[in-house]
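Here is how the chains run, residue by residue.
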Amino acid sequence: MNHESSQSVNQAITPSINQPDTRTDRSFDAIADHFEKKVYGGLKGDIRLAVLRRDIFAYCTQMREIIGRPLRILDVGAGLAQIAIELAIQGHELIINDISSNMLEKAQANAAQCGESNQDNAKLAINWYVCPYQELEEKLASNTEKFDLIMCHALLEWLAEPVAVMDFFNQHLTENGALSLCFYNPASFDYRNLIMGNFNLLDNTEYKADNKKSLTPNHPVAKEEVESWLEAHHYQTILASGLRVFHDYSPLKRGGHNDPEAVIRMELRYSQLEPYKWLGRYLHILATRQA
Ligand SMILES: C[S@@+](CC[C@H](N)C(=O)[O-])C[C@H]1O[C@@H](n2cnc3c(N)ncnc32)[C@H](O)[C@@H]1O
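Because the structure is predicted, anything quoted here is derived from the model rather than measured.

Before going further, it helps to spend a moment on the site of the ligand. Close contacts around the ligand come from 22 residues, with Phe28, Gly77, Gly79, Ser100 and His153 the closest. Among the residues making up the shell around the ligand, the classes are represented as 12 nonpolar, 7 polar and 3 charged.

Shown next, in the form of structure tokens:
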């Protein structure tokens, strides 16, 4: 078992006394270009976006009909904010946040570009906040501001104190609001290294991706731990999907692997099927506190 997945729940929440925890939230300011190219420059990113679009857009369309108005949506640690911008194009009200100004500059350029090809450009309702999500409360128009949907995608694993974000959600979600939580799945690290024969990495309990540019998080949170947080905060999961349940595991690109559209079609299908979805490189959980 690797270092990350063997981390106990208590270890993750309470730093050890013998080893002072020097973790800090990780701003992507220095790696914005690298992130854009590596994560969203190819099929990997297309799969990630395809699964998130399917899960989130269907929910928002349904909720909009139920509540009879566009949704108020917050995206924390939004990065390039592709999904948030598309939701704004669909007419929803967005608050987009990231600690990194470089990331949000890219997102703003993307929003402007999308807006140019969209006749309703002038009507895009997006407010941008460059700050740690922890400072949003004091910056929002009203610190009791509530949202119908909060998106938190690939942020948990980069936070010094990930569980603290649950209190923030509690405070800022409406009573019927939903949480779209997407996070790196540490089980996928083990499984991929098993397939690739990187047993040395799995045997090395001290292993950390120490390259400053690495996009493999050193502090991922296991699915069981996230589920325990959701349960403790009285959330019910309405949907759980796996993102990239087979694409990253296949060293041999043969047959259907040579057809990107077919790969996305299969990823979408298996992203929702047991047991495959639990091996996704990322997991997406949509949860609500609704009775
Ligand atoms: C892996 S990226 C994910 C970006 C985007 N949500 C996505 O799924 O593509 C993590 C983002 O979280 C941001 N971040 C890290 N700590 C943060 C904090 N405390 N508050 C807000 N954003 C933060 C980073 O700057 C980075 O843009």
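Quick look at the UniProt feature "binding site: S-adenosyl-L-methionine" (unreviewed entry) in the protein chain now. As recorded in UniProt, the sites labelled "binding site: S-adenosyl-L-methionine" (unreviewed entry) are Arg48, Gly77, Ala78, Asp98 and His153. Note on placement: Arg48 falls in helix 4 (residues 43-67). In this structure Arg48 touches Leu243, Arg244 and Tyr282, once residues within four positions along its chain are discounted. Topologically, Gly77 is positioned in the loop between strand 1 (72-76) and helix 5 (82-89). When near neighbours in sequence (up to four residues on either side) are disregarded, Gly77 contacts Asp98, Tyr133, Cys152 and Leu155.

Here we take up helix 8 (residues 165-172). Each α-helix winds once per 3.6 residues, and so residues spaced three or four apart point in a common direction. Turning to helix 8, its buried residues are Val165, Phe169 and His172. Along the long axis of helix 8, the arc covered by the buried residues comes to 80°, so they all point the same way. In helix 8, those exposed residues whose orientation departs by more than 90 degrees from the buried face are Asp167 and Gln171. Check the buried side of helix 8 and you find it contacts strand 1, strand 4 (147-153) and strand 5 (173-184).

What counts and how
- Residues numbered from 1 in each chain as written.
- Predicted model: local features only at pLDDT ≥ 70, side-chain atom pairs only at ≥ 80, totals over all residues.
- Near = placed C-beta within 6 Å.
- Nonpolar A, V, L, I, M, F, W, Y, C, P; charged D, E, K, R; others polar.
- UniProt positions renumbered as here; feature names shortened; annotations may be inferred.
- Helix = DSSP H or I, 4+ residues; strand = E, 2+ residues; numbered from the N terminus.
- Contact = placed C-beta atoms within 7 Å.
- Buried ≥ 20, exposed ≤ 12 C-beta atoms within 10 Å, placed from the backbone.
- Arc of directions from axis to C-beta.

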